[in-house]
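Residues per chain, in single letters:
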Amino acid sequence: MTLTSTTRVELQQLAAQYPQPRSALLPMLHLVQSVEGEVTAEGITACAEVLGITAAEATAVATFYTMYKRDAVAKHHIGVCTNTLCGLLGGDAVYDALSARLGVGHNQVNADGFMLERIECQAACTHAPVMTVDWEFMDDVTPGTAVAVVDALSRGEQVQATRGPVIRSFVATEHTLAFPLDGLAAADNSVDDKMLAGLRVAQERNMSAPSIPQEH
Amino acid sequence: MALTPVITEFWDDPSLYTLDGYKSHGGYVALADALKQDPDSIIATVKDSGLRGRGGAGFPTGLKWSFVPQNDGKEHYLVVNADESEPGACKDIPIMIANPHALVEGVIITSYAIRASHAFIYIRGEVPHAIRRVALAVEQARAAGLIGNDILGSGFDLNIVVHAGAGAYICGEETALLDSLEGYRGQPRLKPPFPAVAGLYASPTVINNVETIANIPYIVGRGVDWFRQFGTEKSPGFKVFAVSGHVKRPGIYEAPLGITMRELLDYAGGMRDGRPVKFWLPGGSSVPMLTAEHLDIPLTYEDMAAAGTMLGTGTPMMFDDTVSVVKAVTRWLEFYKHESCGKCTPCREGTYWITGVLEKFEHGHGSSEEVETLVTLCNQISGRSFCALGDAAATPYPAALKYFRDEFDAAITTSADEQFNPSASYVFAEAVSR
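Reference entry: report on the structure contained in this document. These figures come from a predicted structure and were not determined experimentally.

**Describing the pairing of strand S2 (residues 118-123) of chain B**
All names here are of chain B. Counting buried residues along S2, six of its six residues qualify, which places the element largely inside the surrounding structure. Side chains of S2 alternate between two faces, with His 118, Phe 120 and Tyr 122 and Ala 119, Ile 121 and Ile 123 buried alike. Both strand S1 (residues 77-82) and S2 contribute to a ladder of six bridges, which runs parallel. When the sheet's bridge partners are listed, Ala 82 is paired in S2 with Ile 123. Note that S2 and strand S3 (residues 159-164) share six bridges and pair parallel. Bridge pairing in S3 places His 118 opposite Asn 159. The parallel pair S2 and S3 is bridged by helix H7 (residues 128-143), and the resulting crossover is right-handed.

**With respect to the packing of helix H1 (residues 5-16) of chain A against helix H2 (residues 25-36) of chain A**
When two helices pack together, you describe them by how their axes are tilted relative to each other and by the distance separating the axes. Residue and element names in this part refer to chain A. Relative orientation of the contacting elements H1 and H2 amounts to 165°, with a least axis distance of 9 Å. It follows that H1 is roughly antiparallel to H2 by the angle criterion. At the point where H1 passes H2, the crossing takes the right-handed sense. Here Thr 7, Glu 10, Leu 11 and Leu 14 of H1 come into contact with H2, specifically with Pro 27, Met 28, Leu 31, Val 32 and Val 35. Grouping the constituent residues of the contact of H1 with H2 by class yields seven nonpolar, one polar and one charged.

**A short note on the sheet that holds strand S7 (residues 277-281) of chain B**
Residues and elements named next belong to chain B. Judged by pairing direction, the sheet is mixed, and its four strands sit side by side in the order S6-S5-S8-S7 without closing on themselves. A strand with exactly one partner marks an edge of an open sheet, and here the two such strands are strand S6 (251-256) and S7. Taking each pair of neighbouring strands and ignoring which way they run, the sheet shows an average axis angle of 30°. Pairing between strand S5 (residues 238-245) and strand S8 (residues 317-320): two bridges, direction parallel. For Gly 245, the partnering residue across the bridge sits in S8 and is Met 318. Together, S7 and S8 form the strand contacts of helix H13 (residues 325-339), whose direction differs from that of S7 by roughly 20°.

Conventions adopted
- Residues numbered from 1 in each chain as written.
- Chains lettered and ligands numbered in written order.
- Predicted model: local features only at pLDDT ≥ 70, side-chain atom pairs only at ≥ 80, totals over all residues.
- Heavy atoms only, no water.
- Buried < 20%, exposed > 50% of the residue type's maximum accessible area, 1.4 Å probe, protein only.
- Helix = DSSP H or I, 4+ residues; strand = E, 2+ residues; numbered from the N terminus.
- Pairing = 2+ DSSP bridges.
- Right-handed = clockwise from strand over helix to strand, strands pointing away.
- Axes fitted to C-alpha atoms, helices over the stretch in contact; angles between N-to-C directions.
- Parallel < 35°, antiparallel > 145°, perpendicular 65-115°, else oblique.
- Left-handed = near helix turned anticlockwise from the far one by under 90°.
- Contact = heavy atoms within 4.5 Å.
- Nonpolar A, V, L, I, M, F, W, Y, C, P; charged D, E, K, R; others polar.

This is the structure:
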């Protein structure tokens with residue numbers, strides 16, 4: 001896919017948000033990835049032109065960060081945390097099951113446009129083992145539930161993130177990372193039982209912080 | 001010690017993430033109060049509160065703010081480090097999802113105190129739901145006149161940009177974060193100069209963790225005496241603990257600093273199936289592990305240091321006796337190897353070699369000589385890199401060896417999976433074909 005004039009306008013908008021335009025490079029690379037499903041030479045050049053830097057300088061940045069892909073993720077990005085905690089609590093088995101189901105290994109894309117990735121800690125260790133679909137949370141998965149998610153996505157069925165919105169696509173998430181006001185913040189599953197675990201114990205046992213002084 | 005929900009107090013209100021929801025629980029009252037004060041008096045309040053950075057290092061927040069030179073005619077910046085990526089750390093993302101306005105209010109008050117007219121919230125890219133919630137909070141605050149020009153008639157102007165990262169643990173290191181925010185590869189800078197003098201765009205910059213900044217509205221709104229009722233002299237205040245691993249009810253538990261792991265574990269329902277604690281880490285994979293002997297030590301910066309570890313991010317990972325410590329340590333080193341930015345040779349090469357040797361042990365092909373080789377390798381990395389990633393990579397193995405040497409000795413001939421059936425550590429009962 002080629003970048004349109006709309007994308008070039010959006011790139012300019014991102015650059016204008018910062019005191020120094022180059023600060024926008026990471027969001028700009030997310031934006032070109034949201035159009036092409038990967039960061040291509042054309043995408044890098046478009047970013048470089050807007051910022052007045054060389055394509056080599058922009059490439060050096062694009063190749064440093066693991067979220068920028070060099071194979072097109074046509075449909076969905078599937079991440080499985082296999083860092084120590086998630087991996088040992090079952091993430092390793094989840095990864096194996098998904099690899100068998102998708103027919104690909106780490107950082108590879110299958111014929112249906114699904115990329116599988118062993119991801120590092122996703123900051124959701126309380127919800128281990130953690131999987132992500134297009135970077136939205138799929139908490140507390142098992143090999144069976146993880147494969148069921150991929151099966152449902154393959155059939156084009158609606159899949160709900162555990163904390164977050166209905167799954168869209170890899171490129172839709174990439175656009176959110178460039179322009180985060182996507183209208184999906186409301187998701188009423190955002191705060192779950194594990195995030196409320198301590199608050200509920202405190203409420204049951206009548207525990208609270210010291211009261212607020214009146215003079216304040 | 002009782003639980004004390006403060007930042008988490010109203011998380012069961014589903015509207016808390018909105019401006020109206022946050023205001024219905026007293027939100028933005030502290031901001032109005034702060035804007036009537038002299039900025040220096042806010043810095044003094046935060047200094048007197050004794051608040052220490054919640055990102056891992058525990059540096060006194062008010063002191064950090066006071067290092068920013070005032071009346072220097074330069075632009076000042078506030079950068080929030082929301083790059084939570086430390087293995088085991090999972091408290092900033094929940095704060096941003098459940099209570100984003102506490103962070104935004106803290107950003108406005110802090111910017112006013114340090115005289116910054118631009119603030120950036122650098123959130124790791126892999127958490128779109130946290131990013132959209134913080135971005136919405138900023139937008140709603142802007143629409144309500146709490147961000148922008150002449151905030152609440154005070155004459156104070158502020159712009160806040162929510163910035164998504166792109167996958168690099170190293171960007172949680174504050175100077176690497178600055179390089180990344182300037183649009184470069186995220187690699188650490190030599191210090192000095194410190195960011196307070198030459199940070200973002202070579203201007204004076206304060207970089208604080210999400211939870212640190214989310215504390216500010218409560219401290220400024222309720223006062224130093226209220227805040228110091230929590231915790232100890234050297235570790236005042238409360239902490240959003242995130243307890244994970246083989247516990248019955250993993251989750252977020254907010255309590256005063258000084259609570260013990262045994263108490264937190266009790267609130268979390270104890271270990272699953274009544275199994276014993278084998279080892280645990282108080283705050284991320286970069287702090288040395290502890291064992292069941294250490295459950296009664298208060299979770300404070302000073303007590304954890306005395307026990308030979310660190311409070312770190314305050315997010316305990318609990319492992320029971322089904323877990324192979326050899327496998328756990330190998331996996332952490334694979335992570336540090338993957339995340340080393342490559343700038344410093346000891347870290348770049350050292351993580352590669354340690355990981356290679358550890359993988360031999362994991363597969364039951366170690367040697368008694370290499371048990372010591374690994375110690376030497378760790379010593380050659382520690383203190384020899386620009387940033388703390390190298391030190392962190394040199395941490396898990398010596399700590400594990402101290403408590404579990406017999407497991408490394410056994411791994412000379414017996415693989416980790418033969419010593420410990422992997423499926424016994426899984427938290428689901430589902431049968432797994434291997």
